[in-house]
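Survey of secondary and tertiary structure
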Amino acid sequence: MKALVLIDIQNDFLPGGSLAVPGGDAIIPIVNRLQPFFELVVATQDWHPANHKSFASQHNGKKPFDIISLHGLRQTLWPDHCIQGTPGAGFPGELNLNKTETIFRKGTNPEIDSYSGFYDNGHRKSTGLAGYLRNKKVNEVYLAGLAGDICVFSTAMDSLEEKFITFIIEDATRPINRQDFKKAMQDFVAGGGKIIQSASLPAAL
Ligand code: VGL
Ligand code: ZN
């Protein structure tokens, strides 16, 4: 069984948002077109309290994209984004979510960031996604969404670790940093992941 997992396709990550991913809106029609080919579609939603420690605004003298150590973990500081209940944390109206059965929220603990849809960055707490997918007899995970070099990548690596056959649909993601994304995709492929294009999907499924 194959599942499409939509990562953080939220207003703050789209052009005009507070942590906009260049060209992020271009993935929406692709993701909408792909959904009918999957038996299961789930989504993740970055969902931070306003005092989340990944925000530069929570640290005196720090600015977005500075790097600090947060409880022993390397932490990039971000502009405030995806604050619970705000329009920026919402999904864009153009995104079709009718087929999305469940939404897994992450980043809710103010003390720890959570890039992956499976675990927080310290791998301490599960979102329940792995168990949910296994319970649905999923063995193949197809990933799309934002940002390619951060949350899509982290989700992909955890997915491999959870022993799912894992695909990143390359044209259905966009990175914040292109160089980081290139390196991330090398790590993903080295770990056994597969990169595919959306055009090849309907025939493959
Ligand atoms: C993300 C940075 C901070 C993402 C979330 O969804 O890629 N990036 N929070
Ligand atoms: Zn975040």
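Since we're looking at a predicted model, the values are computed, not measured. (Residues numbered from 1 in each chain as written. Chains lettered and ligands numbered in written order. Predicted model: local features only at pLDDT ≥ 70, side-chain atom pairs only at ≥ 80, totals over all residues. Heavy atoms only, no water.)

Considerations on the coordination of the zinc ion (ligand 2)
To keep things clear, this is the line we draw: For Na, K and Ca the donor cut-off is 3.2 Å; for every other metal, N, O and S atoms count as donors within 2.8 Å. Water does not enter the count, which can leave sites looking incomplete. Any site counts as irregular unless it has four donors with all angles between 85 and 135 degrees, making it tetrahedral, or four or six donors with opposite ones more than 155 degrees apart and the rest between 65 and 115, making it square planar or octahedral. Only DSSP runs of H or I reaching four residues or more are called helices, and only runs of E reaching two or more are called strands; each is numbered from the N terminus.
Around the zinc ion (ligand 2), the protein contributes the donor atoms Asp46 (OD), His48 (NE2) and His81 (NE2), at 2.0 to 2.2 Å from the metal centre. Geometry at the zinc ion (ligand 2) is irregular, judged from its four donor atoms and the angles of 88 to 170° they form at the metal. Taken in chain order, the donor set of the zinc ion (ligand 2) reads D-x1-H-x32-H. Here His48 is found in the loop between strand 2 (40-46) and strand 3 (67-70), whereas its partner His81 is found in the loop between strand 4 (73-76) and strand 5 (100-106), with 33 residues between them in sequence.

A closer look at the packing of aromatic side chains
Defined as follows: Working definition: a ring pair exists when centres of Phe, Tyr or Trp rings (six-membered ring for Trp) sit within 6.5 Å. Plane angles under 30 degrees give stacked, over 60 give edge-to-face, the rest tilted. To sort residues, take the accessible area from a 1.4 Å probe on protein chains only and compare it with the maximum for the residue type: under 20% means buried, over 50% means exposed, and anything in between is partly exposed.
Summed over all chains, the structure comprises six aromatic pairs. Here Phe118 and Phe164 contribute two aromatic rings whose centre-to-centre distance is 6.2 Å and whose plane-to-plane angle is 25°, an arrangement assigned as stacked. Of the two residues, Phe118 sits in the loop between strand 5 and helix 2 (129-135) while Phe164 sits in the loop between helix 3 (148-161) and strand 7 (165-174), which places them 46 residues apart along the sequence. The pair formed by Phe118 and Phe164 is uniform in burial state, with each residue classed as buried.

Overview of the pattern of salt bridges
Heads up, the rule is: What makes a salt bridge here is a side-chain nitrogen of Lys or Arg within 4 Å of a carboxyl oxygen of Asp or Glu, nothing more.
Under the counting rule described, the total for this entry stands at eight salt bridges. Between Asp46 and Lys106 there is a salt bridge whose closest N-O contact spans 3.1 Å. With Asp46 in strand 2 and Lys106 in strand 5, the pair connects residues that are 60 residues apart, well separated along the chain. Lys106 shares its class with Asp46; the two are buried. Across the pair Lys63 and Asp66 runs a salt bridge, and its minimum N-O distance is 3.2 Å. Residue class for Asp66 comes out buried when judged on its relative accessible area of 18%. Put simply, Asp8, Asp46 and Lys106 are held in one network by salt bridges that share partners.

Here's the deal with helix 1 (residues 27-34)
Defined as follows: What the arc describes is the spread of directions from the helix axis to the C-beta atoms.
Listing the buried residues of helix 1 in full gives Ile27, Ile28, Ile30, Val31 and Leu34. Take helix 1 and look down its axis: the buried residues cluster within an arc of 165°, on one side only.

What to know about the site of ligand 1
The cut-off we apply is this: For this purpose, a residue is taken to be near a molecule or strand whenever a single non-hydrogen atom of the residue falls within 4 Å of it. Each polar contact in these results corresponds to two N or O atoms within 3.5 Å; when the atoms are within protein, one needs to be able to donate a hydrogen and the other to accept it, and residues that are neighboring in sequence are counted only if both atoms are side-chain atoms. For accessible areas, the Shrake-Rupley method is used with a probe of radius 1.4 Å. Any residue's cover is judged against the shown protein chains and nothing else. All residues other than Ala, Val, Leu, Ile, Met, Phe, Trp, Tyr, Cys, Pro, Asp, Glu, Lys and Arg, Gly among them, are scored as polar; the first ten of these are nonpolar and the last four charged.
Around ligand 1, the surrounding shell consists of Asp8, Phe13, Leu19, Asp46, Trp78, His81, Leu146, Ala147, Ile150 and Cys151. With respect to ligand 1, the side chain of His81 contributes an N or O atom lying 3.1 Å from a nitrogen atom. Within the backbone of Ala147, an N or O atom sits 2.9 Å from an oxygen atom of ligand 1. Taking 250 Å² as the accessible area of ligand 1 by itself, protein coverage stands at 100%. When its residues are assigned to classes, the shell around ligand 1 shows seven nonpolar, one polar and two charged.

Overview of helix 3
Operational definition: The span one expects for a helix is its residue count, reduced by one, times 1.5 Å. For this analysis, residues touch if any pair of their heavy atoms sits within 4.5 Å.
With 14 residues, helix 3 extends 18 Å from end C-alpha to end C-alpha; this agrees with the ideal 20 Å at 1.5 Å per step. Burial runs high along helix 3: twelve of the 14 residues are buried. Burial in helix 3 covers these residues: Gly148, Asp149, Ile150, Cys151, Val152, Phe153, Ser154, Thr155, Ala156, Asp158, Ser159 and Leu160. Buried residues along helix 3 sit against strand 1 (2-7), strand 5, strand 6 (140-146), strand 7 and helix 4 (178-190).

Topic: the pairing of strand 6
To be explicit about the condition: Strands were regarded as paired on the criterion that DSSP finds at least two bridges between them. By convention a crossover is right-handed if, when the strands point away from the viewer, the path from the first strand over the helix to the second runs clockwise.
Across the seven residues that make up strand 6, a large majority, seven, are buried. Side chains Glu140, Tyr142, Ala144 and Leu146 project from strand 6 onto one buried face, and the interleaved Val141, Leu143 and Gly145 project onto a second face that is buried too. Across six bridges, the pairing between strand 1 and strand 6 is parallel. By the bridge assignment, Val5 is partnered in strand 6 with Leu143. With helix 3 bridging strand 6 and the parallel strand 7, this β-α-β connection has right-handed handedness.

Brief notes about the sheet that holds strand 1
Note the threshold: Every axis in this analysis is a line fitted to C-alpha atoms, fitted for helices over the stretch in contact. Angles between the N-to-C directions lie between 0 and 180 degrees.
Taken together, six strands build an open sheet; the order of strands is 5-2-1-6-7-8 and the sheet is parallel. Two strands close off the open sheet at either side, each with one partner strand: strand 5 and strand 8 (194-196). Going across the sheet, the axis of each strand differs from the next one's by a mean of 25°, ignoring polarity. Here five bridges tie strand 1 to strand 2, and the two strands are oriented parallel to one another. Considered in strand 2, the bridge of Leu4 is made with Val41. The sheet strands contacting helix 1 are strand 1, strand 6 and strand 7, and the helix crosses strand 7 at an angle near 140°. In the packing of helix 4 onto the sheet, contacts are made with strand 7 and strand 8, and the angle to strand 7 comes to roughly 165°.

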